[in-house]
Amino acid sequence: MSEPREVRIKRMKMRSMRRGIKEMDIILSAYADRNLADMDDAGLDVFDALLHENDQDLCQWVTGQVPPPQKFADLVSNIAQTFQK
């Protein structure tokens, strides 16, 4: 049985705000609140996969210290640009 869209988004929002590194909690939960409802299923799949990555890696990707893997490049760029404004 597949997870209903509303339940999936709620789960990802919770995972976004309970990361371990406070900075990533703030960045990812704010991004999730602003964007998940408007994402298509493919976008949600990528964000869900991103949530399974290590916080130290995510922090380096979002801050531009290390380039993200290609599969996350567009999403990480979008997340980073959102918080540079």
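A brief report on the enclosed structure follows.

A separate point is the pattern of salt bridges. Applying the stated criterion across every chain, the model contains seven salt bridges. The partner of R8 in a salt bridge is D45, with the nearest N and O atoms 2.5 Å apart. Here D45 lies in helix α3 (residues 41-50) and R8 lies in helix α1 (residues 5-17), a separation of 37 residues in the sequence. By relative accessible area, which is 43% here, D45 ends up partly exposed. A salt bridge links R19 to D55; the shortest N-O distance between them is 2.8 Å. Within this pair, whereas R19 is found in the loop between α1 and α2 (22-35), its partner D55 is found in helix α4 (residues 55-62), the two being separated by 36 residues in sequence. Through salt bridges with shared partners, a single network forms among E3, R8, R11, D45 and D48.

Given a rise of 1.5 Å per residue, 13 residues ought to cover 18 Å, and the 19 Å separating the end C-alpha atoms of α1 matches this to within 8%. Of all the positions in α1, only R8, I9, M12 and S16 are classed as buried. Along the long axis of α1, the arc covered by the buried residues comes to 95°, so they all point the same way. Residues of α1 that are exposed and point more than 90 degrees away from the buried face comprise E6 and K10. Buried residues belonging to α1 abut α2 and α3.

About the criteria used
Residues numbered from 1 in each chain as written. Predicted model: local features only at pLDDT ≥ 70, side-chain atom pairs only at ≥ 80, totals over all residues. Heavy atoms only, no water. Salt bridge = Lys/Arg side-chain N within 4 Å of Asp/Glu carboxyl O. Helix = DSSP H or I, 4+ residues; strand = E, 2+ residues; numbered from the N terminus. Buried < 20%, exposed > 50% of the residue type's maximum accessible area, 1.4 Å probe, protein only. Expected span 1.5 Å × (residues − 1). Arc of directions from axis to C-beta. Contact = heavy atoms within 4.5 Å.

Keep in mind that these numbers describe shape and distance, not what the molecule does.
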